[in-house]
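Take a look at the letters that make up each chain.
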Amino acid sequence: DAGITQSPRHKVTETGTPVTLRCHQTENHRYMYWYRQDPGHGLRLIHYSYGVKDTDKGEVSDGYSVSRSKTEDFLLTLESATSSQTSVYFCAISTSGFEQFFGPGTRLTVL
Amino acid sequence: SQQGEEDPQALSIQEGENATMNCSYKTSINNLQWYRQNSGRGLVHLILIRSNEREKHSGRLRVTLDTSKKSSSLLITASRAADTASYFCATDAPQGAQKLVFGQGTRLTINP
């Protein structure tokens with residue numbers, strides 16, 4: 001899995017609660033990405049990072065924030081979770097920004 | 001947003017047959033990639049083809065790219081049960097940032 005871990009792997013939470021998902025890499029890749037995958041929508045980019053403290057929005061960034069204070073960690077925060085954010089979340093890393101390596105995913109359920 | 005669209009959405013064939021999946025996209029690209037996703041797992045990069053390339057091979061995989069038609073195809077020859085997975089094409093975003101835009105995928109089932 002190219003040295004990528006995601007935690008937690010599964011989480012069930014209630015509407016309105018904050019949630020933070022963590023992506024950790026061991027290979028010093030510059031680029032890191034957060035996607036969500038939903039039936040009928042494929043993978044959609046939420047946020048991405050091109051360096052420490054350098055982040056930008058993706059296609060579906062509303063309701064999400066990110067932080068990258070260290071090269072190896074990229075955090076995705078749902079400030080106040082909603083049922084529409086129930087999804088599978090994937091982190092990806094890349095050196096070039098082209099070929100991407102994906103983590104195992106986090107299955108999030110918001111009740 | 002620019003997006004690859006795979007066709008067909010689902011494909012079921014017998015083991016040993018060839019499988020062909022197609023991807024169409026809307027705007028000019030620098031490169032196109034194909035990924036595989038086994039059920040419940042993350043995506044795995046298969047192959048990247050650049051806009052100035054027309055065909056590329058990797059083992060049993062053959063990818064073609066026709067920039068005039070804005071389309072690509074992925075051929076898997078001599079399919080195996082282990083090839084059962086979803087296959088996604090991804091194109092680089094038009095703004096030049098290091099981002100990818102994924103299609104919705106083709107679900108391939110190989111029957112023994």
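Residues numbered from 1 in each chain as written. Chains lettered and ligands numbered in written order. Predicted model: local features only at pLDDT ≥ 70, side-chain atom pairs only at ≥ 80, totals over all residues. Heavy atoms only, no water.

1. Structural notes on the overall build of chain B
When helices and strands are tallied, chain B shows zero helices and eleven strands. For chain B, the N- to C-terminal ordering of α and β elements is β-β-β-β-β-β-β-β-β-β-β. Expressed along its principal axes, the backbone C-alpha trace of chain B runs to roughly 45 × 30 × 20 Å. If you take every contact in chain B between residues at least 6 apart in sequence, the share linking residues at least 24 apart comes to 54%. Treating the 13 positive side-chain charges of chain B as one cloud and the 10 negative ones as another, the clouds have centres 5 Å apart. (Helix = DSSP H or I, 4+ residues; strand = E, 2+ residues; numbered from the N terminus. Contact = heavy atoms within 4.5 Å. Lys, Arg positive; Asp, Glu negative; His and termini not counted. Charge placed at Lys NZ, Arg CZ, Asp CG, Glu CD.)

2. Looking at the state of the cysteines
The term disulfide refers to a covalent linkage connecting the sulfur atoms of a pair of cysteines. This model, assessed by the stated rule, comprises two disulfides over all chains. Disulfide partner of A:C23: A:C91, at an S-S distance of 1.8 Å. In this structure, the disulfide formed by A:C23 and A:C91 twists by about -65° around the S-S bond and is classed as left-handed. Of this pair, A:C23 sits in strand β3 (residues 19–25) while A:C91 sits in strand β9 (residues 87–94); the two residues are 68 residues apart in sequence, bridging distant segments of the chain. Side by side, A:C23 and A:C91 carry an identical accessibility label, which is buried. With its sulfur 2.0 Å from that of its partner, B:C23 forms a disulfide with B:C89. Residues B:C23 and B:C89 share a disulfide whose torsion about the S-S bond is about 65°; that sign makes it right-handed. Remark: B:C89 occurs in strand β9 (residues 85–92) and B:C23 occurs in strand β3 (residues 19–24); sequence separation between them is 66 residues. Neither B:C23 nor B:C89 differs from the other in exposure class; each is buried. (Disulfide = S-S within 2.5 Å. Buried < 20%, exposed > 50% of the residue type's maximum accessible area, 1.4 Å probe, protein only.)

3. Description of the confidence of the model for chain B
In this model, chain B carries a mean pLDDT of 91, and residues with pLDDT of at least 70 account for 94%. Element-level pLDDT for chain B is lowest in strand β1 (residues 5–7) of chain B, with a mean of 85, against a maximum mean of 98 in strand β7 (residues 61–66) of chain B. (pLDDT = per-residue confidence, 0-100.)

4. Looking at the interface of chain B and chain A
On the side of chain A, 22 residues touch chain B, which itself brings 19 residues to the contact. With both sides pooled, the region where chain B packs onto chain A buries about 1,600 Å², and carbon together with sulfur makes up 54% of that total. Scanning the region where chain B abuts chain A turns up zero salt bridges. The tally of links between chain B and chain A comes to two residue pairs in polar contact (both at pLDDT 80 or more). (Buried area = accessible area lost by both parts, 1.4 Å probe. Salt bridge = Lys/Arg side-chain N within 4 Å of Asp/Glu carboxyl O. Polar contact = N/O pair within 3.5 Å; in protein donor to acceptor, adjacent residues only side chain to side chain.)

5. Observations regarding the packing of aromatic side chains
Counting across every chain of the model gives nine aromatic pairs over all chains. A ring pair is formed by A:Y33 and A:Y35, whose centres lie 6.2 Å apart and whose planes are at 25°; its orientation type is stacked. Residue A:Y33 is classed as buried on the basis of its relative accessible area of 0%. Considering the side-chain rings of A:F102 and B:F102, the 6.0 Å spacing of their centres and the 80° angle between planes classify their relative orientation as edge-to-face. In this pair, A:F102 is assigned in strand β10 (residues 101–102) and B:F102 in strand β10 (residues 100–102), connecting two distinct chains. Across the pair, exposure class does not vary: A:F102 and B:F102 are buried alike. Here a set of aromatic residues connected by ring pairs shows up, and it is made of A:Y33, A:Y35, A:Y48, A:Y50, A:F102, B:Y35 and B:F102. (Phe/Tyr/Trp six-rings, centres within 6.5 Å; stacked < 30°, edge-to-face > 60°.)

6. Considerations on the environment of B:G103
Residue and element names in this part refer to chain B. Mapped onto the elements of the fold, G103 is located in the loop between β10 and β11 (106–111). Classification of G103 as buried rests on a relative accessible area of 0%. For the pair formed by G103 and T91, sequence separation is twelve residues and the distance between their alpha carbons is 8.6 Å.

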